[in-house]
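Coordinate inspection notes
Listed below, chain by chain, are the residues.
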Amino acid sequence: MTARPALLALVLGASPLLGCGSTPNTREPASRECGASIHDVAWLAGSWRQDTAGNLMEEHWTPAAGGTLFGVSRTIVQGKTVFFEYMRIEARKDGLYFVAQPMGRPPSDFKMLRCNSNGVLFENPQHDYPQRIFYQRPTANRLTARIEGKKDGKEAGQSFEFFQM
């Protein structure tokens, strides 16, 4: 999987909730055990948008039900869709997983490491880039996102901020 603008746009983690980690830019949810219940990340549901200088990124998440949340994202630049992604968060026997399919490619799984009432961290150390995906909902109408990990042998990351549509 390559770095994708919409997921990039979704993983900001700019508040103190996501505060420690392996690199200076890493922000992880504060310690709290979350179970494998999809309702632990139900706060992600909704329609989210980032509109900067004519570039529009949006992400839409269904409500938590049946052990899943489903998401779709797209990036529009100068009136043209340049990127899209299908996503889901699903409960499995061994925890919650974020499953990404950028541009309809085969799925990549990221296991949840930590969460609390408004932040979650997923990780897949074997993935090319990113290896870590963070989501946080610091306020009712704001969603932040960040992706990070090693890219071309160096630590890299990108953060984004969305507002409720």
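Residues numbered from 1 in each chain as written. Predicted model: local features only at pLDDT ≥ 70, side-chain atom pairs only at ≥ 80, totals over all residues. Heavy atoms only, no water.

For the protein chain, the helix and strand inventory stands at one helix and 10 strands. Traced from its N-terminal end to its C-terminal end, the protein chain shows the element sequence α-β-β-β-β-β-β-β-β-β-β. Buried positions account for 49% of the 165 residues belonging to the protein chain. For the protein chain, long-range pairs separated by at least 24 residues make up 48% of all intrachain contacts whose partners lie at least 6 apart in sequence. For the protein chain, the exposed area adds up to about 7600 Å²; of that, 52% sits on carbon and sulfur atoms. (Helix = DSSP H or I, 4+ residues; strand = E, 2+ residues; numbered from the N terminus. Buried < 20%, exposed > 50% of the residue type's maximum accessible area, 1.4 Å probe, protein only. Contact = heavy atoms within 4.5 Å. Areas by Shrake-Rupley, 256 points an atom, 1.4 Å probe, with all protein chains shown as cover.)

If you walk through the whole model with that rule in mind, you get 10 salt bridges. For glutamate 161, the salt bridge is made with arginine 142, and the minimal N-O distance between the two is 2.6 Å. Pair noted here: glutamate 161 is in strand β10 (residues 154–164) and arginine 142 is in strand β9 (residues 142–151), with a separation of 19 residues, a long-range link. Judged by relative accessible area, which is 26%, glutamate 161 ranks as partly exposed. Linking arginine 146 and glutamate 148 is a salt bridge whose minimum nitrogen-to-oxygen distance equals 2.6 Å. In this structure glutamate 148 comes out as buried when scored by relative accessible area, which is 0%. A single network of salt bridges, built from pairs that share partners, joins Arg88, Glu90, Arg92 and Asp109. (Salt bridge = Lys/Arg side-chain N within 4 Å of Asp/Glu carboxyl O.)

This part takes up the environment of glycine 67. Secondary-structure assignment places glycine 67 in the loop between β2 (55–61) and β3 (68–77). Separated by 31 residues in sequence, glycine 67 and alanine 36 place their C-alpha atoms 9.0 Å apart. Discounting residues that sit within four places of it in the chain, glycine 67 has contacts with Ile38, Ile89, Glu90 and Ala91.

With that out of the way, let us pick up the environment of asparagine 124. Within the secondary structure layout, asparagine 124 lies in the loop between β7 (119–123) and β8 (132–139). Sequence separation between asparagine 124 and phenylalanine 98 is 26 residues; the distance between their C-alpha atoms is 9.8 Å. The contacts of asparagine 124, once residues within four sequence positions are left out, are Asp109, Phe110 and Gln131. In terms of polar contacts, asparagine 124 uses its side chain to reach the backbone carbonyl oxygen of aspartate 109, at 2.8 Å. Among the polar contacts listed, one links the side chain of asparagine 124 to the backbone nitrogen of glutamine 126, at a separation of 3.0 Å. (Polar contact = N/O pair within 3.5 Å; in protein donor to acceptor, adjacent residues only side chain to side chain.)

The next point concerns the nonpolar core. In this structure, Trp61, Ile89, Phe98, Phe122 and Tyr135 are the most contacted members of the largest nonpolar core, which totals 27 residues. Elements that contribute at least two residues to this core include exactly β2, β4 (80–92), β5 (95–102), β6 (108–116), β7, β8, β9 and β10. (Core = buried A, V, L, I, M, F, W, Y, C linked by side-chain atoms within 4.5 Å.)

Taken together, the 10 strands give a closed barrel; going around it, the order is β1-β2-β3-β4-β5-β6-β7-β8-β9-β10, and neighbouring strands pair in antiparallel fashion. Put simply, the sheet's adjacent strands are angled 25° from each other on average, direction ignored. Bridging between strand β1 (residues 46–52) and β10 involves two bridges; their strand directions are antiparallel. For arginine 49, the partnering residue across the bridge sits in β10 and is phenylalanine 163. (Pairing = 2+ DSSP bridges. Axes fitted to C-alpha atoms, helices over the stretch in contact; angles between N-to-C directions.)

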